[in-house]
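Descriptive structure summary
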Amino acid sequence: GAGVSQSPRYKVAKRGQDVALRCDPISGHVSLFWYQQALGQGPEFLTYFQNEAQLDKSGLPSDRFFAERPEGSVSTLKIQRTQQEDSAVYLCASSSGGGTSTEETQYFGPGTRLLVL
Amino acid sequence: AQSVTQLDSQVPVFEEAPVELRCNYSSSVSVYLFWYVQYPNQGLQLLLKYLSGSTLVKGINGFEAEFNKSQTSFHLRKPSVHISDTAEYFCAVRGTGGFKTIFGAGTRLFVKA
């Protein structure tokens, strides 16, 4: 596609519900990143995929957060038993290189705004 | 590990005036540096990046930034701003050889007519 797309754009969940956020990266991009952006803050790294391999998940806040990219393209970020502190914008980014390349420009999607009531 | 400090949370400026958005970083390794812009309800867009070489980097929309290694700074400048430059600007750093990008808290640039 022309850019990174994310769905849904907005999600309201009741506390305790499970949610799934989808990211469609730019076709052919090897690297995929998830970030969490709290209100008034910069994005914070959650996890990184190189193709289907999850190479770093050190930023996931708890074991309620789970991400996958089974075929090396589309990725899903799942949050189980959502809590109010999970309310944030979740950004996805992709890049063509293998993560550490100097040509590593990340292209960001518009984000999913999650509100947990 | 790296960290980024954006020294101003908000910068109001009149149209056609110059602007500087300040960014300082800390790192124990060599870094790449980035500035991103975020318009309301949109994703981040890369303005410019410093990888190596000339310390003065030119980006899109007339922005430029200067890497100062001794002061560990990467300030963003524009000689004459437009109303359309109103947005949130994020400074970011990534260690060379790494893939984790660390973002600052952002600076909201508000351009007034």
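Structure first, text after, so check above.
Described below are features of the structure shown in this document.

Calculation notes
Residues numbered from 1 in each chain as written. Chains lettered and ligands numbered in written order. Predicted model: local features only at pLDDT ≥ 70, side-chain atom pairs only at ≥ 80, totals over all residues. Heavy atoms only, no water. Salt bridge = Lys/Arg side-chain N within 4 Å of Asp/Glu carboxyl O. Buried < 20%, exposed > 50% of the residue type's maximum accessible area, 1.4 Å probe, protein only. Helix = DSSP H or I, 4+ residues; strand = E, 2+ residues; numbered from the N terminus. Contact = heavy atoms within 4.5 Å. Pairing = 2+ DSSP bridges.

The full count for this structure, using the stated rule, is 10 salt bridges over all chains. Across the pair Asp 24 of chain A and Arg 22 of chain A runs a salt bridge whose closest N-O atoms are separated by 2.7 Å. On the basis of relative accessible area, Arg 22 of chain A is assigned to the partly exposed category, the value being 38%. In this structure, the salt-bridge partner of Asp 85 of chain B is Lys 78 of chain B, at a minimum N-O distance of 2.8 Å. Look at the salt bridges and you will find they share partners, linking Glu 20, Glu 66 and Arg 77 of chain B into a network.

Moving on to the environment of Pro 8 of chain A. Residues and elements named next belong to chain A. With respect to the element layout, Pro 8 can be found in the loop between β1 (5–7) and β2 (10–13). Accessibility expressed as a relative area gives 29% for Pro 8, which makes it partly exposed. Through-space distance from the C-alpha of Pro 8 to that of Ala 20 is 8.9 Å; in sequence the pair is 12 residues apart. Those residues in contact with Pro 8 that sit more than four places away from it in its chain are Ala 20, Leu 21, Gly 111 and Thr 112.

We now examine the pairing of strand β4 (residues 31–37) of chain A. All names here are of chain A. For β4, the tally of buried residues reaches seven of seven residues, placing the bulk of the element in the interior. Burial along β4 is two-sided: the residues Ser 31, Phe 33, Tyr 35 and Gln 37 and Leu 32, Trp 34 and Gln 36 are all buried. Two strands pair when backbone bridges link them, and β4 and strand β5 (residues 44–50) are joined in this way by six bridges, in the antiparallel orientation. Looking at β5, one finds that Leu 32 is bridged to Phe 49. Taken together, β4 and the strand that follows it, β5, pair antiparallel across an intervening segment of six residues, in which Gly 40 is found at a positive phi of about 80°. Judged from the seven bridges that link them, β4 and strand β9 (residues 88–95) form a sheet pairing that is antiparallel. Residue pairing for β9: Ser 31 is matched across the bridge by Ser 95.

The analysis is restricted to geometry; functional conclusions fall outside its scope.
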